[in-house]
Amino acid sequence: MSVLVALPVLLPLAAAGLSLALGRFADIQRALGLIVLGGIIADAAVLLYVADRYGPVVLQMGAWPAPFGITLVADRLSALLLVVSSVVTFAVLIYSIGQRITDYGRQRSSTTFHPMYLMLCAGVSLAYLTGDLFNLFVAFEIMLSSSYVLITRRTTATRIRAGMTYTIVSLASSLLFITMIALVYASTGTVNLADLGEKVHQLPDGLQIALALLVVIVFGVKAAMVPLHFWLPDSYPTAPAPVTAVFAGLLTKVGIYALIRTQTLVFSHSESWNLMLGIALITMIVGALGALAQNDLNRLMSFLLVSHIGYMLFGLGVYDVIGLTGVILYVVHHITVQATLFLVSGLITRHTGTVALTRMGGLAKAAPLIAVLFALPALSLAGVPPFSGFVAKLALLQAGVGAGTWMAYVVTGGAVLTSLLTLYAMARVWTRAFWGQVKAPEPDPDPTDELVVGTATSNRPMVVATGVLVAASVVIALVAGPLADVSGRAATDLMHGETYRTAVLGGAAGE
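I will try to describe carefully the structure that is included in this document. Just so it is clear, the model here is predicted, and its values are computed rather than measured.

Another point: the overall build of the chain. When you go through the chain residue by residue, the secondary structure sums to 20 helices and two strands. Computed over the C-alpha atoms, the radius of gyration of the chain is 22 Å, within 12% of the 24 Å expected from 2.2 N^0.38 for a compact globule of 511 residues. Its C-alpha atoms give the chain principal-axis dimensions of roughly 65 × 55 × 40 Å. The 511 residues of the chain split such that 61% are buried. Look at the contacts in the chain between residues 6 or more apart in sequence, and 80% of them connect residues 24 or more apart. On the chain, roughly 18,000 Å² of surface is accessible, and the fraction owed to carbon and sulfur atoms is 69%.

Okay, here's the thing in structure tokens:
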């Protein structure tokens, strides 16, 4: 079983190299990417079953025992997120092929898109599965390098400017990250997460706090928490819809995952974490208010993405099993729903030729299927029952009320207010884009590029891929009970890290 832990990383890396070598054969590139991502879904599902039933699955690379070698670990949390992320990347690749952003121009052709996309998937998988801080840094660098290529394809002045903002901020965060690793290693003599869980608590209290805050800043930039979020609304909206979808669905959640993993396994807290609760409240409110001020559909959803990062920080700030269960449920829900909404935005742009809400109208009559594909994830994002967003938010609200502190009560009220603001923002999109008189689509501003817009038609692969993710969000709501049980067990593992430490340091339990 331990070999299965390496496949989500090694398969896309090998496939990326093979895809680059077979660059003359566009159809082979497409088939290779879909086959590899489909295989990762199956592999992740097996890992989740084994980890949930028997405990973490551990692979010590090169037979070097922890903490000296490279360790890959699939526990309940990492395996669950790997399953959801793999489904999203598979659907987004289908959408990308249908939208033709994998090509150069209107003719089918091979490009660097497929190798870079597979590299991005490998980086996401490595981030979930790595058992040490340095390889977590490597995972983020893989994601940064591949995402920069994807965000700046078909270069324009706007994309280059947005890409530079994204890259500069990411590089600054990476410098802080490597500095943090150096300080941690100098203080403890190890970067293995399981080993750090034991050695960090032997450090002076002041040093522990300083290191923990540095970790929060590093991963806070990656997760786009306020006030470290400024780069995201300027970077994401300029990329094509599928690229923005995978960025919004996965990259910020990898930052949240890293924050959860380090703040539970390495730096633990004995009670509610008021600093994180305060950051969560500010993130929720600022992001929601920013969304209400937008006329650009993609910028509106980018600000909502920032806002809903606050819900995940809320559960971490409560810092108990119920709160972490809510975080896990919310991450699973948000990966799927946020990616879906950006894919729907691509469908809307293809139909109308614009992202400006004031220049849209009547889509409910002109394209009723797009209206349905938008309405379901929009209601879920707003937390309307019985959708998956309601299930996740209910768990977080229960955690906030159960924490019994004034700060938790305030953030709980802020979470309810943010849900109402999200619903209002989605209602504005609905009334401006889907109600009213049908407006003629705007002409394609660049008929020579691969991105076809303003057609007043829909593309079948794009619709099917979006429908798959909409169906996935519905399935999440339908299996809320079993999913909550798995999330609860994962949260218990996080609160009591002995299972993880024993598996990694005590002979790789689970092999």
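On to the pairing of strand β1 (residues 57-60), then. By the alternation rule, side chains of β1 split into V57 and L59 and V58 and Q60, which are all buried. Pairing of β1 with strand β2 (residues 71-74), which is carried by four bridges, proceeds in the antiparallel orientation. From the neighbouring strand, V57 faces β2, where its bridge partner is A74.

For R428, the location among the structural elements is in helix α17 (residues 406-434). For the pair R428 and L292, spaced 136 residues apart in the sequence, the C-alpha separation amounts to 8.5 Å. Those residues in contact with R428 that sit more than four places away from it in its chain are A291, L292, Q294 and L300.

What follows covers the packing of helix α3 (residues 76-99) against helix α4 (residues 113-129). Contact geometry for α3 and α4: axes closest at 10 Å, N-to-C directions at 170°. Overall, the two elements α3 and α4 adopt an arrangement that is roughly antiparallel. Taking contact as the criterion, the partners of S78, L81, L82, S85, T89, V92, L93, S96 and I97 in α3 are, on α4, F113, H114, Y117, C121, S125, Y128 and L129. Of the residues in the contact of α3 with α4, the class split is 10 nonpolar, six polar and no charged.

What follows concerns the packing of helix α13 (residues 321-352) against helix α18 (residues 460-478). At their nearest, the axes of α13 and α18 sit 9 Å apart, and the two run at 150° to each other. When the axes of α13 and α18 are compared, the pair comes out roughly antiparallel. Judged by the twist between their axes, the crossing of α13 over α18 is left-handed. Listed contacts from α18 to V332, H333, T336, V337, A339, T340, L343, V344, G346, L347 and R350 of α13 are M462, V463, T466, L469, V470, A472, S473 and I476. Classifying every residue of the contact of α13 with α18 by side-chain character gives 12 nonpolar, six polar and one charged.

For the bond from V226 to P227, the omega torsion is 10°, close enough to zero to count as cis. Tracing the backbone through its elements, the reader meets P227 in the loop between α8 (205-223) and α9 (232-235). In this model, P385 is joined to P386 through a cis peptide bond whose omega is 5°. One can find P386 in the loop between α15 (368-382) and α16 (388-403). One non-glycine residue with positive phi stands out, namely Y319, at about 55°. Positionally, Y319 belongs in the loop between α12 (297-318) and α13. A residue is classified by how much of its surface remains accessible, and Y319, at 6% relative accessible area, is buried.

This model, assessed by the stated rule, comprises seven salt bridges. Across the salt bridge formed by D52 and R489, the nearest N and O atoms sit 2.9 Å from each other. One end of the pair, D52, is in helix α2 (residues 26-54); the other, R489, is in helix α19 (residues 480-495), with 437 residues separating them in the sequence. Between R261 and D75 there is a salt bridge; the shortest N-O distance is 2.9 Å.

Moving on, we get to the side chain of R76. Along the chain, R76 falls in helix α3. A polar side-chain atom of R76 sits 2.7 Å from a polar atom in the side chain of D52. Of the polar contacts made by the side chain of R76, one reaches the side chain of D493; its length is 2.6 Å. Not counting residues within four places of it along the chain, the set of residues in contact with R76 comprises L48, A51, D52, V486, R489, A490 and D493.

Moving on, we come to helix α10 (residues 241-266). The terminal C-alpha atoms of α10, which comprises 26 residues, lie 37 Å apart, in line with the 38 Å expected from a rise of 1.5 Å per residue. At F247, α10 is deflected by roughly 30°, the largest bend along its length. In terms of residue burial, α10 counts as a mostly covered element, since 26 of its 26 residues are buried.

Applying the stated criterion across every chain, the model contains 13 aromatic pairs. Residues F113 and Y117 carry aromatic rings whose centres are separated by 5.6 Å and whose planes lie at 15° to one another, so their mutual orientation is stacked. Remark: Y117 and F113 occur in helix α4; sequence separation between them is four residues, near one turn of the helix. For F113, a relative accessible area of 1% corresponds to the buried category. The class of Y117 is buried, set by a relative accessible area of 2%. Each ring, one from F374 and one from W430, has its centre 6.4 Å from the other, and the planes form 15°; the classification is stacked. Highlighted residues: F374 in helix α15 and W430 in helix α17, separated in sequence by 56 residues. Of the residues examined, F374 reaches a relative accessible area of 3% and is grouped as buried. A relative accessible area of 23% means that W430 is categorised as partly exposed.

Attention now goes to the environment of C121. Mapping C121 onto the fold places it in helix α4. Judged by its relative accessible area of 6%, C121 is buried. A sequence separation of 35 residues divides C121 from S86, and the C-alpha atoms of the two residues are 8.1 Å apart. For C121, the residues in contact, after removing those within four places along its chain, are L37 and T89.

Analysis parameters
- Residues numbered from 1 in each chain as written.
- Predicted model: local features only at pLDDT ≥ 70, side-chain atom pairs only at ≥ 80, totals over all residues.
- Heavy atoms only, no water.
- Helix = DSSP H or I, 4+ residues; strand = E, 2+ residues; numbered from the N terminus.
- Rg over C-alpha atoms; globule rule 2.2 N^0.38 Å.
- Buried < 20%, exposed > 50% of the residue type's maximum accessible area, 1.4 Å probe, protein only.
- Contact = heavy atoms within 4.5 Å.
- Areas by Shrake-Rupley, 256 points an atom, 1.4 Å probe, with all protein chains shown as cover.
- Pairing = 2+ DSSP bridges.
- Axes fitted to C-alpha atoms, helices over the stretch in contact; angles between N-to-C directions.
- Parallel < 35°, antiparallel > 145°, perpendicular 65-115°, else oblique.
- Nonpolar A, V, L, I, M, F, W, Y, C, P; charged D, E, K, R; others polar.
- Left-handed = near helix turned anticlockwise from the far one by under 90°.
- Salt bridge = Lys/Arg side-chain N within 4 Å of Asp/Glu carboxyl O.
- Polar contact = N/O pair within 3.5 Å; in protein donor to acceptor, adjacent residues only side chain to side chain.
- Expected span 1.5 Å × (residues − 1).
- Bend = angle between axes of the 7 residues up to and from the residue.
- Phe/Tyr/Trp six-rings, centres within 6.5 Å; stacked < 30°, edge-to-face > 60°.

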